[in-house]
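# What the coordinates show
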Amino acid sequence: MKPIVLDASATAPWFLPDEQTPVGDQLYADVRSGGGIFWAPALWLWETANILLVAVRRGRFDADSADRALALLARCPIQLDAMPDAHRRAQTMRLAHVHTLSYYDAAYLELALRLNSQLASADRRLCEAAKSCGIPCLDL
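What comes next concerns the included structure. The structure presented is a predicted model; accordingly, all values stated were derived computationally and were not measured.

### Side note on the state of the cysteines
- If you walk through the whole model with that rule in mind, you get one disulfide.
- For Cys 127, the disulfide goes to Cys 137, at an S-S distance of 2.3 Å. Of the two residues, Cys 127 is situated in helix H7 (residues 124–132) and Cys 137 in strand S5 (residues 137–139); the sequence distance between them amounts to ten residues.
- With no disulfide of its own, Cys 76 lies 19 Å from the sulfur of Cys 137, the closest cysteine sulfur.
- The exposure class assigned to Cys 76 is buried, which follows from its relative accessible area of 6%.
- Unpaired in terms of disulfides, Cys 133 finds its nearest cysteine sulfur in Cys 137, a separation of 11 Å.
- On the basis of relative accessibility, which here comes to 29%, the residue Cys 133 falls in the partly exposed class.

Given below as structure tokens:
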């Protein structure tokens, strides 16, 4: 089974009821049950927390629910990638340029390429870039 790289847009719907989908719900069940190998760049920690913070600020979510969501995420068996060295940072920059991605999104693509994995994302541009690189994308 190929590992799956999770981006923040793939994991946010696990806690934001108005964004939930059957595919996202199954992905969450797989992660919680240990039904696969799941990775994310360390950046994912800040992105998911920021998504929850913005949801609280916009009244979509309350602060206690955000705290519970962060605690649940901390218990998910998601392996965080190490900080990138100079070569990986250069690779990420190249991917961002070639695919017109943010550097943040390119970090997920770089990890998926390096691990020869699948990518789970709700970001259409990121999924298109992954597919053009031969990376299967679980489009949420």
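### Details of the packing of helix H3 (residues 43–57) against helix H6 (residues 103–115)
- At a minimum axis separation of 11 Å, H3 and H6 run at an interaxial angle of 130°. Classified by the angle their axes make, H3 and H6 are oblique. Crossing of H3 over H6 shows left-handed handedness. Contacts between H3 and H6 pair Leu 43, Trp 44 and Glu 47 from the former with Tyr 104, Ala 107 and Tyr 108 from the latter.

### Points about the pairing of strand S4 (residues 118–121)
- One ladder, built from three bridges, connects strand S1 (residues 4–6) with S4; its direction is parallel. Bridging across to S4, Ile 4 finds its partner in Gln 118.
- Pairing of S4 with S5, which is carried by three bridges, proceeds in the parallel orientation. Considered in S5, the bridge of Ala 120 is made with Leu 138.

### Some details on the packing of aromatic side chains
- A full pass over the atoms with the stated rule returns three aromatic pairs.
- Ring centres of Trp 14 and Phe 15 lie 6.5 Å apart, and the angle between their planes is 70°; this geometry places the pair in the edge-to-face category.
- Accessibility expressed as a relative area gives 6% for Trp 14, which makes it buried.
- The exposure class of Phe 15 is buried, given its relative accessible area of 10%.
- Consider the rings of Phe 15 and Tyr 28, whose centres lie 5.8 Å apart with planes at 75°: the pair is edge-to-face. Of this pair, Phe 15 sits in the loop between helix H1 (8–11) and helix H2 (22–33) while Tyr 28 sits in helix H2, and the two are 13 residues apart along the sequence. Residues Phe 15 and Tyr 28 agree in their burial class; the two are buried.

Rules and cut-offs
Residues numbered from 1 in each chain as written. Predicted model: local features only at pLDDT ≥ 70, side-chain atom pairs only at ≥ 80, totals over all residues. Heavy atoms only, no water. Disulfide = S-S within 2.5 Å. Helix = DSSP H or I, 4+ residues; strand = E, 2+ residues; numbered from the N terminus. Buried < 20%, exposed > 50% of the residue type's maximum accessible area, 1.4 Å probe, protein only. Axes fitted to C-alpha atoms, helices over the stretch in contact; angles between N-to-C directions. Parallel < 35°, antiparallel > 145°, perpendicular 65-115°, else oblique. Left-handed = near helix turned anticlockwise from the far one by under 90°. Contact = heavy atoms within 4.5 Å. Pairing = 2+ DSSP bridges. Phe/Tyr/Trp six-rings, centres within 6.5 Å; stacked < 30°, edge-to-face > 60°.

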